[in-house]
Amino acid sequence: MKKIFIAMMAMAAMTACATEDTIVTPQGDAIAFGDAFVDNSTKAIIGSANEIQGFQVFGNVVATADVDTAAPAALYGDTGAAVTRGGAALGAAWTCDVTRYWTPSCTFNFAAVANGTVATVVKGLPTVISYEAGTDNDLIYAIANATTAADCTPSIATGIVPFSFKHLLSKVGFTWATTTPLLLQVLL
């Protein structure tokens, strides 16, 4: 009788330990970047989005119902996330080193900086950007916004955040051709 009781206790203990409850949190799709465009690029080093190989992305999110009263939450902290193109085409998702997801009924704000260093971030977005003179790249910056529905569907048709980069600083070079003899060019 004693052996049966010990065997039953051992089986009960094994059964109690074998129960696992898995809690799955529903997630929306991952936020993706890569739909880039360079605006007003006349006589600049970066003249088209094909020349962008990566950028730092920053962002924040706030519930749409509280957008006027609540403080937004930073998505990528004070350092942002690195987005790299690799071999991806324009309009396709590029690689982001930090994964965040679309959440329901929210407003998202994003900023992207290429070829500069973000020195100050407030509420998830850059406010001070530094640039080292002498670099052979333009400092470009872009912003984008999106909202999500109750089912996490973003307002962006492709689901890829589009950035229209503008030049903050660009290096400009001039070349000319002349038929004047070299001696006259030096004297002028």
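Residues numbered from 1 in each chain as written. Predicted model: local features only at pLDDT ≥ 70, side-chain atom pairs only at ≥ 80, totals over all residues. Heavy atoms only, no water.

Concerning unusual backbone geometry
For step 1, the next point in the chain: Even without glycine at this site, Lys-123 takes up a positive phi of about 55°.
For step 2, the next point in the chain: Among the structural elements, Lys-123 can be located in the loop between strand 7 (117-122) and strand 8 (125-130).
For step 3, the next point in the chain: One non-glycine residue, Cys-152, adopts positive backbone phi at about 75°.
For step 4, the next point in the chain: Tracing the backbone through its elements, the reader meets Cys-152 in the loop between strand 9 (139-147) and strand 10 (160-169).
For step 5, the next point in the chain: For Cys-152, a relative accessible area of 16% puts it in the buried group. (Helix = DSSP H or I, 4+ residues; strand = E, 2+ residues; numbered from the N terminus. Buried < 20%, exposed > 50% of the residue type's maximum accessible area, 1.4 Å probe, protein only.)

Structural notes on the pairing of strand 10
For step 1, the next point in the chain: Here strand 1 (residues 32-38) pairs with strand 10 via 6 bridges, running parallel. Looking at the pairing, Phe-33 lines up with Val-161 of strand 10.
For step 2, the next point in the chain: In this sheet, strand 10 lies alongside strand 9 in antiparallel orientation, the contact comprising 3 bridges. Its bridge partner being in strand 10, Ile-140 is matched across the sheet by His-167. (Pairing = 2+ DSSP bridges.)

Re the environment of Val-161
For step 1, the next point in the chain: With respect to the secondary-structure elements, Val-161 resides in strand 10.
For step 2, the next point in the chain: When its relative accessible area of 0% is taken as the criterion, Val-161 is described as buried.
For step 3, the next point in the chain: Val-161 sits 125 residues away from Ala-36 along the chain, and the two C-alpha atoms are 8.6 Å apart.
For step 4, the next point in the chain: Filtering out sequence-adjacent residues up to four positions away, Val-161 remains in contact with Ile-31, Ala-32, Phe-33, Gly-34, Asp-35, Trp-102, Phe-110, Ala-144 and Ile-156. (Contact = heavy atoms within 4.5 Å.)

Description of the nonpolar core
For step 1, the next point in the chain: Counting residues in hydrophobic clusters, the biggest one holds 29 residues, and the most contacted among them are Phe-33, Phe-55, Val-57, Phe-110, Val-161, Phe-163 and Phe-165.
For step 2, the next point in the chain: Going through the elements one at a time, strand 1, strand 2 (54-63), strand 4 (81-84), strand 6 (106-114), strand 9 and strand 10 are the ones with two or more residues in this core.
For step 3, the next point in the chain: Ranked by residues supplied to this core, first place goes to strand 6 with 5 residues.
For step 4, the next point in the chain: Among the nonpolar cores identified, the runner-up in size contains 5 residues, and Phe-58, Val-113, Val-118 and Val-121 belong to it. (Core = buried A, V, L, I, M, F, W, Y, C linked by side-chain atoms within 4.5 Å.)

Here we look at the side chain of Asn-60
For step 1, the next point in the chain: Position of Asn-60 relative to the elements: it lies in strand 2.
For step 2, the next point in the chain: Within the structure, the side chain of Asn-60 is placed 2.8 Å from the backbone oxygen of Lys-123, a separation counted as a polar contact.
For step 3, the next point in the chain: Apart from the residues lying within four places of it in its own chain, the contact partners of Asn-60 are Pro-72, Ala-73, Ala-74, Leu-75, Thr-107, Phe-108, Asn-109, Lys-123 and Leu-125. (Polar contact = N/O pair within 3.5 Å; in protein donor to acceptor, adjacent residues only side chain to side chain.)

Section: the confidence of the model for the protein
When pLDDT drops low, the exact placement of atoms in the prediction is not to be read closely.
For step 1, the next point in the chain: Put simply, the protein has an average pLDDT of 79, and 68% of its residues get 70 or more.
For step 2, the next point in the chain: Here residues 184-188 is a poorly scored stretch, pLDDT under 50, and it has 2 contacts once near neighbours within four places are set aside; other chains count. (pLDDT = per-residue confidence, 0-100.)

Quick word on the packing of aromatic side chains
For step 1, the next point in the chain: Throughout the structure, instances matching the rule amount to 10 aromatic pairs.
For step 2, the next point in the chain: On the numbers, 5.5 Å between centres and 80° between planes, the contact of Phe-55 with Phe-163 is edge-to-face. With a gap of 108 residues between them, Phe-55 in strand 2 and Phe-163 in strand 10 connect regions that are remote in the sequence. Residues Phe-55 and Phe-163 agree in their burial class; the two are buried. (Phe/Tyr/Trp six-rings, centres within 6.5 Å; stacked < 30°, edge-to-face > 60°.)

Regarding the state of the cysteines
For step 1, the next point in the chain: Scanning the entire structure with this criterion turns up 0 disulfides.
For step 2, the next point in the chain: There is no disulfide at Cys-106, and the cysteine sulfur nearest it, in Cys-152, is 8.2 Å away.
For step 3, the next point in the chain: Among the residues examined, Cys-106 registers a relative accessible area of 10% and is labelled buried. (Disulfide = S-S within 2.5 Å.)

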